[in-house]
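Report on the structure
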4 protein chains.
Amino acid sequence: MDKETARIEAFSDGVFAIAITLLVLELKIPHEDDVAHVALSTLLLRQWPDYVSFVISFTFIGIMWINHHRLFNHIKRADNTLMILNLLLLMGVTAVPFPTAVLGQHLGHYDDRLAAMVYNGTYVVIAIVFNVLWRYAVRNGRLLGRDADLETIGHISKQYAFGPLLYLASFGLAWVNVAASLALSFALAIFFAIPPHVATRHKREG
Amino acid sequence: MDKETARIEAFSDGVFAIAITLLVLELKIPHEDDVAHVALSTLLLRQWPDYVSFVISFTFIGIMWINHHRLFNHIKRADNTLMILNLLLLMGVTAVPFPTAVLGQHLGHYDDRLAAMVYNGTYVVIAIVFNVLWRYAVRNGRLLGRDADLETIGHISKQYAFGPLLYLASFGLAWVNVAASLALSFALAIFFAIPPHVATRHKREG
Amino acid sequence: MDKETARIEAFSDGVFAIAITLLVLELKIPHEDDVAHVALSTLLLRQWPDYVSFVISFTFIGIMWINHHRLFNHIKRADNTLMILNLLLLMGVTAVPFPTAVLGQHLGHYDDRLAAMVYNGTYVVIAIVFNVLWRYAVRNGRLLGRDADLETIGHISKQYAFGPLLYLASFGLAWVNVAASLALSFALAIFFAIPPHVATRHKREG
Amino acid sequence: MDKETARIEAFSDGVFAIAITLLVLELKIPHEDDVAHVALSTLLLRQWPDYVSFVISFTFIGIMWINHHRLFNHIKRADNTLMILNLLLLMGVTAVPFPTAVLGQHLGHYDDRLAAMVYNGTYVVIAIVFNVLWRYAVRNGRLLGRDADLETIGHISKQYAFGPLLYLASFGLAWVNVAASLALSFALAIFFAIPPHVATRHKREG
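Worth saying up front: this structure is predicted, and the values here are computed from it rather than measured. For every chain, the first residue of the written sequence is number 1, and numbering continues from 1 along that sequence. Throughout, the order in which chains and ligands are written sets their labels, letters from A for the former and numbers from 1 for the latter. Local features in this predicted model are restricted to residues of pLDDT 70 or higher, and side-chain atom pairs are both shown and tallied only at a pLDDT of 80 or more, whereas totals for entire chains, interfaces and linings draw on every residue.

**Examining the overall build of chain A**
So the rule is basically this: Counting from the N terminus, the helices are the DSSP runs of H or I reaching at least four residues and the strands are the DSSP runs of E reaching at least two.
Tallying secondary structure elements over chain A gives 10 helices and 0 strands in all. The order of α-helices and β-strands along chain A, N terminus first, is α-α-α-α-α-α-α-α-α-α. Projecting the C-alpha coordinates of chain A onto the three principal axes gives extents of approximately 65 × 40 × 30 Å.

Quick look at the structure:
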């Protein structure tokens, strides 16, 4: 028997794959007229905010994919609510490239504060949805397998509890200092990229 | 042995994943010249119809995906006709973002009546194809598994019977009152998002 | 043990899913300025060649997907040559929306003859690659399963043998009469949409 | 039990499928005004650099997909580091269409040297990531199956060792002679398209 969540994962992988590649579409290929009148080095260099946005968007969506994969290692059963929460999560993931590109364009400009708040605000919402989905699935073992690894599951729950509040701090910090706010966001990305038992510093897996 | 429909589902998931993300491509990222001359808040706010269209399109395609998933929980075998009906369905799903974006752009404008009719007309067609596909698969248990859950299948058939007529009502209502027409569409979306035995109010699963 | 070709099929499904949705990107959503100055009916109607192109492209790529699925029902093993031939096939499939859109734009215009030749020329190439891939896989049962259904396989080989020559006829016919050439192409699409034992009119499956 | 890497492969297939089709979006479909004023033959012919870029990009990404598939035939287990290395690899793959299109536009123009260096530089990075990922997985059999085919694995390691240095040579060669540099790149693509035991000329598989 196939895992009940197989198709949810396959569909999610498709949406993640599209979202993660979206900002490559913003890279403008120099065309005939440009080629004749502007040096290629100039054409390539003046797109640097687009490269930065692509790399940030790819990295963050990649880390969210790792987290989605991590959760669905434990979630073995599916119901209608899980599908709806998962769609909400995917809507957030799909939206990410837009605020990331807005941020990339405004770094060092007058409006970078608002750009950083929109950017971090998106992650506040995503962090909340990740928590709701996860807590819905694990509550009383609702959608877990019979052989659920309760210790790892506990580590994940603990790690995830930090998400919304810390992204909210990052959101508020943007009003005071954009650089500090982004530094906190990037630190959070690393925190969620590493496995929960390392992230929450308890002990290593056997 | 793999499920005969595995590849139909995988291909459908790919098409659904693309369709559901299409309207994110309509969000325009402010570029260099905009950044210098227009406040970011202005740039972000004047795109509100695009955000609305994206959210509506994502929600409705997500609900259609849930329905596709629900049907293929019961459809276990495949034949040429099923593949062709499924392609017809996917063509409808792929088309959805276009009338949704047209609707989003025209809300509150002179032509919103035509926009709402095009929008609801698309769903009339999709609701018919959903019914044809489903009835083709279940007629005499043609493409069901041996252990088919006939009660749930009956609930789905009953729920689906409402689709074409109610979307047709929504289509006609647009001529009289756009807001009422859209309210009915959105109510229908919720009706199809929830499981059939709840939607048709008979009883809960054991 | 998984089928050796599982990942080739999954990757192909992804490429087919993208190719089949490509022309929906050509549908232009009326934006603010259009909304104020042009009636929506005008905006929608003047895009009719784009709708025609989308439907034709979707239908033909859908039929090619059905054929790909049909072949890989029999192909059970994979080797490097199969992967390369499959990539060639996918390159052809990915290219299809472009000549289809060119054809849609030129129907009824001066240059429709060239457009029809480019269109049919694409299918000549694809029909050849389909044949080469299939004949490579079945020669001496090279990549078939142990329980290969030799009768169906023979029907497919017979049906496919018609492809390149008939598309070549369609290509040549475009020089003389565009409508006749397209009629032949569409007849061929139907011929390849139906199962081979029906298409080659031998007998029905048991 | 499913292969632990199943979902990594599925997600990778999605990203590869998008990357491989990206440059088809650069093909400009002649629209109404063009149709009336310019001959179709002219419109089609002046896009030749875009066709060349599409074919090159498709071919190279296809070959990288074959290699990814080849590696994951041997990699049976997954951990967090593998997922991160795989994401790095996919970021490189997603970036490929951009330098390829830049190269296509500049062939025969003043700046082709820089274009060729950017192009080959991308492959230097990708070749390094391919090696790091592979060596991480096979070191002490870390992520291999129990029945690992050590001979083929050794052939792959040997073949891959050539990658970074030869692409670096290709990168440097671009400074001296663009044609020679591209010839070397294309030879390398063929070298990585064929199976390792053939490529490293040891012996044939049993």
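**Side note on the interface of chain B and chain C**
This is how it is decided: Remark: residues whose backbone-derived C-beta atoms lie within 7 Å of one another are considered to be in contact. All amino acids are sorted into three groups, where Ala, Val, Leu, Ile, Met, Phe, Trp, Tyr, Cys and Pro are nonpolar, Asp, Glu, Lys and Arg are charged, and the leftover types, Gly among them, are polar.
Contact with chain B, which involves 25 residues of that partner, is made by 26 residues of chain C. At the level of secondary structure, the elements contributing two or more residues to the side of chain B that touches chain C comprise helix 1 (6-21), helix 5 (80-95), helix 6 (97-106) and helix 7 (112-138) of chain B. Of the residues assigned to the side of chain B that touches chain C, the class counts are 16 nonpolar, 6 polar and 3 charged.

**Overview of the interface of chain B and chain A**
Counting residues at the interface gives 26 residues for chain B, matched by 25 residues for chain A. Those elements giving two or more residues to the side of chain B that touches chain A turn out to be helix 1, helix 3 (40-45) and helix 4 (48-74) of chain B. Of the residues forming the side of chain B that touches chain A, the biggest block, 9 residues, is contributed by helix 1 of chain B. Across the side of chain B that touches chain A, the residue classes tally to 18 nonpolar, 6 polar and 2 charged.

**Brief notes about the relation of the copies chain B and chain A**
Keep this limit in mind: Copy-to-copy alignment: least squares on C-alpha atoms, limited to residues at pLDDT 70 or above in both.
With an axial shift of 0.0 Å and an RMSD of 0.0 Å, the rotation relating chain B to chain A amounts to 90°. Read as a symmetry element, the transformation amounts to a four-fold axis. Looking at the rotation axis and the C-alpha trace of chain B, the residue lying nearest is B:Gly14, at 4.1 Å. Here only 12% of the contact residues of chain B are again contact residues in chain A; the copies associate through non-equivalent surfaces.

**Re the relation of the copies chain B and chain C**
Take chain B, turn it by 90°, move it 0.0 Å along the axis, and it overlays chain C with an RMSD of 0.0 Å. In this assembly, only 12% of the residues forming the interface of chain B have copies in chain C that are likewise at the interface, indicating a heterologous arrangement.

**Comments concerning the arrangement of the chains**
At no point do chain A and chain C touch; the closest pair of C-alpha atoms across them sits 8 Å apart. At their nearest point, the C-alpha atoms of chain B and chain D are still 8 Å apart, with no contact between the two.

**Looking at the environment of B:Tyr160**
Residue and element names in this part refer to chain B. Just so we agree on the cut-off: Here a residue counts as buried when 20 or more other C-beta atoms sit within 10 Å of its C-beta, as exposed when there are 12 or fewer, and as partly exposed otherwise, the C-beta atoms being derived from the backbone.
By secondary structure assignment, the location of Tyr160 is in helix 8 (residues 150-176). Using a count of 19 C-beta atoms within 10 Å as the deciding quantity, one classes Tyr160 as partly exposed. Tyr160 sits 101 residues away from Thr59 along the chain, and the two C-alpha atoms are 19 Å apart. Each residue touching Tyr160, except ones within four places of it in the same chain, is listed here: Phe130, Asn131 and Trp134.

**Some thoughts on the packing of helix 4 (residues 48-72) of chain D against helix 9 (residues 178-193) of chain D**
All names here are of chain D. As a reminder of what qualifies: Between the N-to-C directions of two axes lies an angle of 0 to 180 degrees, each axis being a line fitted to C-alpha atoms and, for a helix, fitted only over the stretch in contact. Every angle not falling under 35 degrees, over 145, or within 65 to 115 is termed oblique; those three ranges are roughly parallel, roughly antiparallel and roughly perpendicular. Crossing handedness is defined as follows: a turn of the near helix away from the far one that is anticlockwise and smaller than a right angle gives a left-handed crossing, while the clockwise case is right-handed.
Where helix 4 contacts helix 9, the two axes come as close as 9 Å, and the packing angle between them is 30°. Here helix 9 runs roughly parallel to helix 4, going by the angle between their axes. The hand of the helix 4/helix 9 crossing is left-handed. Residue-level inspection shows Thr59, Phe60, Ile63, Ile66 and Asn67 of helix 4 in contact with helix 9, the latter providing Ala189, Phe192 and Ala193. Each residue belonging to the contact of helix 4 with helix 9 can be placed in one class, and the counts come to 6 nonpolar, 2 polar and no charged.

**Some remarks on the nonpolar core**
Put simply, the test is: Joining buried Ala, Val, Leu, Ile, Met, Phe, Trp, Tyr and Cys residues through C-beta atoms within 7 Å gives a set, and that set is a nonpolar core.
Within the largest apolar cluster, 273 residues are counted, with the highest numbers of intra-cluster contacts made by A:Ile61, B:Ile61, C:Ile61 and D:Ile61. With residues near it in sequence (within four places) discarded, B:Ile61 still touches B:Phe16, B:Ala19, B:Ile20, B:Val93 and B:Val96.

**Describing the confidence of the model for chain A**
Residue and element names in this part refer to chain A. What counts, and what does not: Per-residue confidence from the predictor is reported as pLDDT, which spans 0 to 100.
Per-residue confidence for chain A averages 90 on the pLDDT scale, and 95% of its residues sit at or above 70. Looking over chain A, one finds the lowest element-wise mean pLDDT in helix 2 (residues 32-37), namely 72, and the highest in helix 5 (residues 80-95), namely 97. Low pLDDT, under 50, characterises residues 202-206; the stretch is placed with 5 contacts to residues that sit more than four places away or in other chains. This prediction of the complex comes with two scores: 0.94 for pTM and 0.92 for ipTM.

**Observations concerning unusual backbone geometry**
Residue and element names in this part refer to chain C. At Asn140, a position not held by glycine, the phi torsion is positive, near 55°. Along the chain, Asn140 falls in the loop between helix 7 (112-138) and helix 8 (150-176). Since 6 C-beta atoms lie within 10 Å of it, Asn140 is described here as exposed.

**Considering helix 4 of chain B**
Because each turn of an α-helix spans 3.6 residues, side chains separated by three or four positions in sequence point in the same direction. The cut-off we apply is this: Take the number of residues in a helix, subtract one, and multiply by 1.5 Å to get its expected span.
In this model helix 4 of chain B runs 40 Å from its N-terminal to its C-terminal C-alpha over 27 residues, within 8% of the 39 Å that 1.5 Å per residue would give. The buried count for helix 4 of chain B comes to 19 of 27 residues, which makes it a mostly enclosed element.

**Things to note about the environment of A:Ile194**
All names here are of chain A. Looking at the element boundaries, Ile194 is found in the loop between helix 9 (178-193) and helix 10 (196-199). In this structure Ile194 comes out as partly exposed when scored by C-beta crowding, with 16 C-beta atoms within 10 Å. Between the alpha carbons of Ile194 and Leu87 there is a distance of 24 Å; along the sequence they are 107 residues apart.

**Section: the packing of helix 8 (residues 150-176) of chain A against helix 9 of chain A**
The description of two helices packed together rests on the angle between their axes and the distance between the axes. Residues and elements named next belong to chain A. Remark: helix 8 packs on helix 9, axes separated minimally by 7 Å, with the N-to-C direction vectors making an angle of 160°. In terms of orientation, helix 8 lies roughly antiparallel with respect to helix 9. The chirality of how helix 8 crosses helix 9 is left-handed. Each of Leu166, Tyr167, Ala169, Ser170, Leu173 and Ala174 in helix 8 lies in contact with helix 9, whose residues at this interface are Val178, Ala180, Ser181, Leu184, Ser185 and Leu188. Looking at the contact of helix 8 with helix 9 residue by residue, the classes come out as 9 nonpolar, 3 polar and no charged.

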